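Spelled out from the first residue to the last, the chains are:
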Amino acid sequence: MSEHQSTYRQIAKATSLFGGVQAFQIIITIIKSKFVAILLGPTGMGIVGLLTSTTGLITGLTNFGLGTSAVKDISEANGTQDEIRISTVISVMRRLVWLTGLLGALITLIFSPFLSQITFGNNEYTIAFIWLSITLLFNQLSTGQLVLLQGLRRLQDLAKANLLGSIIGLLITIPIYYIWGFKGIVPVIIITSITSLLLTWHYSKKINVLNTKVTKEVLIKEGKGMLTMGIMISLTEIMGLAFAYLIRIFITRSGGISEIGFFTAGFAIINTYVSLIFNALDSDYYPRLSAIAKDNKIAKLTINQQSEIAILILAPILMLFLVFVKWAIIILYSKEFLSIYGMLQWAALGVFFRAVSWAIALLLIAKGEGKVFFWNELAGNTYIFIFSIFGYYVWGLTGVGFAYMFAYLVYTLQIFFLTKIKFNFSFTPSFLKIFFILFGLAASCSLLINVSDEPYNYLIGVPLITISTWYSYTSLDKLIGIRDLIKSFKRKFRKN
């Protein structure tokens, strides 16, 4: 096996590990979303979306980007094989997540009346925000444990924690919503955060780390670098959350809570598919890219290789979604939610650009270009917000979906030219070939099924899905040798 093929296999292995977990989580999410849609309806989903987006905004303000910046510090310390150094960095990280978690909880608690007023236009949800304040501490502590697992490359434990969290979350959510309805929203969010904390603690406690005393001086010295980069990342997260929050507020004011329920439901589906790839990027690709980021040539190759695998895996799933999106909406939610059909059609095409642009944007973080990353994200979030508001004003929820696709097309061009100028980045011919063929098939499929009536749209769509799947399979076979892997698996299976 060549070194070139070995690299692709490494990428595919990490992607398949977390992709497999995400595939199972998609099933869990489908079941969960279906029950939530039935038990709470669009209004209930709107309340859930507003509560979680508000607390998410506070988290973004107070977590200082430790979930990303600390991974790099722990990975670098782990590379030294110095146990004292490793334990010191981990101890500092743990101290910082406690401090930032408590800060987030305190701010939510103090400003709960204001958060209720600004989010819902009344004070009826003040008590809800008071209860939810504790989840900011629990979630930040969970983040610290996940950072530890990721930084030390304990990817299987990381995958198990995510998988079990989804299963337990499902088992908790359905009975509570069934018994208490809207009154169960806050308990579900709190219990879910506690469950996540217990699971991540269970897997992280298996890691043997020296008990190192951290003085105030050590905390300041070691934490400075972690926080400096983290603050820039945190600012970009805050921007994204703030703009998303403002979009939700605009839709709520213009169309009502039911409309934001439709919006939340639609993007819950899209983000489920995106997470299939992004979890692999965050868990394996980012530490790997950080290790070689100083070499522009190797970084360029790594980004293109990761993007190829991502698009090849993602394209057939998105094609399937484009053709059967109406049935997906009915199965996942109900016929009441069919108004999000147009939004999902456009947004699904936007996922192609989002996957590629994020793979490139991580290079800025890997190189420690915090300020450049911040201004890049500021520009991107600004026009995503403007396009979304304009799209909803002109075309309703369908306009939001089109704005999503168009914004990520522009953002992809932006990050491409930025990295080309700064780091001499460019796309390889092999990636461009894969991207344009698969995106072309998806765009053609979307166009043709929208101008065709049922059942002719399925007669057009299914062959295109088959072509996309065949192309992805044959391309992956050339890159990682799928047939050889299958034969090897069969031989091992027969021996056992």
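As a convention, each chain's residues are numbered from 1 in the sequence order in which they are written. Totals for whole chains, interfaces and linings use every residue, but because this is a predicted model, local features are given only for residues with pLDDT of at least 70 and side-chain atom pairs only at 80 or more, for both listing and counting. For side-chain calculations, the full set of non-hydrogen atoms in the structure is used, while hydrogens and water are omitted.

**Digging into the packing of helix α10 (residues 296-323) against helix α12 (residues 341-366)**
The criterion, for reference: Simply put, an axis is a line fit to the C-alpha atoms, just over the touching stretch for a helix, and the angle between two N-to-C directions goes from 0 to 180 degrees. A run of H or I in DSSP becomes a helix once it reaches four residues, and a run of E becomes a strand once it reaches two; helices and strands are each numbered from the N terminus. An angle below 35 degrees is treated as roughly parallel, one above 145 as roughly antiparallel, one from 65 to 115 as roughly perpendicular, and anything else as oblique. Helix crossings fall into two classes, left-handed where the near helix is turned counterclockwise from the far one by less than a right angle and right-handed where it is turned clockwise. Here a residue-residue contact requires only that any non-hydrogen atoms of the pair lie within 4.5 Å. When residue character is reported, Ala, Val, Leu, Ile, Met, Phe, Trp, Tyr, Cys and Pro are called nonpolar, Asp, Glu, Lys and Arg charged, and the others, Gly included, polar.
At a minimum axis distance of 9 Å, the contact between α10 and α12 shows a crossing angle of 165°. As far as their axial angle goes, α12 and α10 are roughly antiparallel. Like other packed secondary-structure pairs, α10 and α12 cross with a definite hand, here right-handed. Residues Ala299, Ile303, Ser307, Ile311, Leu314, Ala315, Leu318, Phe321 and Leu322 of α10 touch α12, and the partners they reach there are Leu344, Gln345, Ala348, Leu349, Val351, Phe352, Ala355, Val356, Ala359, Ile360 and Leu363. Tallied by class, residues from the contact of α10 with α12 come to 18 nonpolar, 2 polar and no charged.

**Structural notes on the packing of helix α5 (residues 126-151) against helix α7 (residues 185-204)**
Axis separation between α5 and α7 bottoms out at 8 Å; the angle between their running directions is 20°. If you check the angle between α5 and α7, you find them roughly parallel. You can see that α5 and α7 cross each other, and the crossing is left-handed. Along its contact with α5, which presents Ala128, Trp131, Leu132, Thr135, Phe138, Asn139, Leu141, Ser142, Gln145, Leu146, Leu148 and Leu149, the element α7 presents Val186, Ile189, Ile190, Ser193, Ile194, Ser196, Leu197, Thr200, Trp201, Tyr203 and Ser204.

**Remarks on the confidence of the model for the protein**
It should be kept in mind that the predicted coordinates are not to be read in detail where pLDDT is low. Applicable threshold: Confidence of the prediction at every residue is given by pLDDT, a number between 0 and 100.
In this model, the protein carries an average pLDDT of 82, and 89% of its residues clear a pLDDT of 70 or more. At the level of individual helices and strands, the protein shows its lowest average pLDDT in helix α16 (residues 482-495), which scores 60, and its highest in helix α13 (residues 370-423), which scores 92.

**Re empty space enclosed by the protein**
Quick reminder of the rule: Grid points spaced at 1 Å and placed over the protein atoms alone form the basis of the search, with a cavity being a set where a 1.4 Å probe fits but cannot get out and a pocket an open set showing protein on both sides within 12 Å along at least five of seven lines. Lining residues have an atom within 4 Å of a point. Grid points are joined across faces, edges and corners, and a volume is the space filled by probe spheres set on the points.
All told, the structure shown has 2 cavities of 30 Å³ or more when counted by the stated rule. In this structure, the second largest cavity spans a volume of roughly 30 Å³. Every residue along the wall of the second largest cavity is listed here: Thr59, Thr62, Asn63, Thr100, Gly101, Gly104, Leu136 and Gln140. Among the secondary structure elements, those contributing two or more residues to the lining of the second largest cavity are α1 (3-62), α3 (83-110) and α5. With 3 residues, α3 is the single largest residue contributor to the lining of the second largest cavity. Across the lining of the second largest cavity, the residue classes tally to 1 nonpolar, 7 polar and no charged.

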